[in-house]
2 protein chains.
Amino acid sequence: MADSSRSPLARSVLQQCLHAKLQVKPAEPDSEAEWVEINRGLVIYICFFKGASEEIIPKMVKTLLNVKLSETESGKYVSVLDLPGSILIIPQATLGGKLKGRSMQYHYNIEKEIGMELYSQFVAQCERELTANTKCAEADVVLKHGTYGNRQVLKIDTNGPFTHMVEF
Amino acid sequence: MADSSRSPLARSVLQQCLHAKLQVKPAEPDSEAEWVEINRGLVIYICFFKGASEEIIPKMVKTLLNVKLSETESGKYVSVLDLPGSILIIPQATLGGKLKGRSMQYHYNIEKEIGMELYSQFVAQCERELTANTKCAEADVVLKHGTYGNRQVLKIDTNGPFTHMVEF
């Protein structure tokens, strides 16, 4: 987690879901909108700040996939990998906003190209963890993710979002 | 907003919604679950930390109801009061969690009784602002809120949650 004496390099918000559906391609005159969806599992909203580099990705992935926030049938909390549950990753640059007067400013957000690269590395490493996990492979859980830079049209059903924030 | 040199006294997460529905009373053997819902507007998840007192409430209310995060038809961003949109307030103590190993700890969260009192003051002052606002009164927007200490079973539909975090 972020050393509290320095500014964070990345911020994530986690919510538990029963079902979540995210638009990954808006409708166009000649094509319908495209969506991805997951059932029970974890929604990860993610944002990178200036100064973040690929070095922080392995720790982020390890932390977020192993933190015990997913409730089992018996009310015990385990990681999304242990549940096992599906994962929906949503790029959410607005999480980097800082209030100035009545407006939000995003001066600390990472440059778009680097952010896009870190985002794809984050997604790829999460996918690798999920694939390597026997429980997840057997349970046929999935990882889905939003497209960077798009509007993240989202529908989410929860049994309590149990919202957490983790900074790195 | 929170002075970055001290720990925050309150943390809020804001999401824009097209529709949101929150359970305020779970089903019981002889009664169905009760829900509240709003259409277009702002979802405010709120959490208080140890040391918070009623003095911070007016500033929180003023800030959150006036920050320009609500998108108009023409793509301009205005406050939820100016939209005008409805408001759903969700007590979300989990937002105060701090990662320790693979678990979340809530040592910095406010004592339950004080938190409940601050939460009701926050809701009451938001209601007062909404009622006093001519645009909101004419548009017939509503304020709904969750019950403190309950599981916050939530369904939310967005056109992009546009998630922001504001600390106080």
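- Per an unreviewed UniProt entry, the recorded name for chain A is D-aminoacyl-tRNA deacylase 2, and the organism is Salvator merianae.
- Entered under Subunit (unreviewed entry) in the UniProt record, the comment concerning chain A runs "Homodimer."

Some remarks on the sheet that holds strand E12 (residues 164-167) of chain A
All names here are of chain A.
Here is step 1: Ordered by their spatial adjacency, five strands build an open sheet running E10-E7-E4-E1-E12, and the pairing between neighbours is mixed. Looking along the sheet, the strands with just one partner apiece sit at the ends: strand E10 (143-145) and E12. Neighbouring strand axes in the sheet, compared pairwise and without regard to direction, differ in orientation by 20 degrees on average.
Here is step 2: Summarising the sheet, strand E4 (residues 41-48) and strand E7 (residues 86-91) pair through six bridges and their orientation is parallel. Looking across to E7, one finds that Ile46 is bridged to Pro91.
Here is step 3: Each of strand E1 (10-17), E4, E7 and E12 is contacted by helix H1 (residues 57-66), which is oriented at about 150 degrees to E4, the strand it contacts most.

Comments concerning the pattern of salt bridges
Here is step 1: A full pass over the atoms with the stated rule returns twelve salt bridges over all chains.
Here is step 2: Between Glu71 of chain B and Arg151 of chain A there is a salt bridge, and its shortest N-O distance comes to 2.9 Å. Taken together, the residues span two chains, with Glu71 of chain B in strand E5 (residues 70-71) and Arg151 of chain A in the loop between E10 and strand E11 (154-157).
Here is step 3: Given a relative accessible area of 38%, Arg151 of chain A falls into the partly exposed group.
Here is step 4: For the salt bridge of Lys135 of chain B with Asp82 of chain B, the shortest nitrogen-to-oxygen distance reads 4.0 Å. Of this pair, Lys135 of chain B sits in helix H3 (residues 134-139) while Asp82 of chain B sits in the loop between strand E6 (77-78) and strand E7 (86-91), and the two are 53 residues apart along the sequence.
Here is step 5: Judged by relative accessible area, Asp82 of chain B falls into the partly exposed class, the value being 32%.
Here is step 6: Three or more residues are tied together by salt bridges with common partners; here these are Asp82 and Lys135 of chain A together with Arg102 of chain B.

Calculation notes
- Residues numbered from 1 in each chain as written.
- Chains lettered and ligands numbered in written order.
- Predicted model: local features only at pLDDT ≥ 70, side-chain atom pairs only at ≥ 80, totals over all residues.
- Heavy atoms only, no water.
- UniProt positions renumbered as here; feature names shortened; annotations may be inferred.
- Pairing = 2+ DSSP bridges.
- Helix = DSSP H or I, 4+ residues; strand = E, 2+ residues; numbered from the N terminus.
- Axes fitted to C-alpha atoms, helices over the stretch in contact; angles between N-to-C directions.
- Contact = heavy atoms within 4.5 Å.
- Salt bridge = Lys/Arg side-chain N within 4 Å of Asp/Glu carboxyl O.
- Buried < 20%, exposed > 50% of the residue type's maximum accessible area, 1.4 Å probe, protein only.

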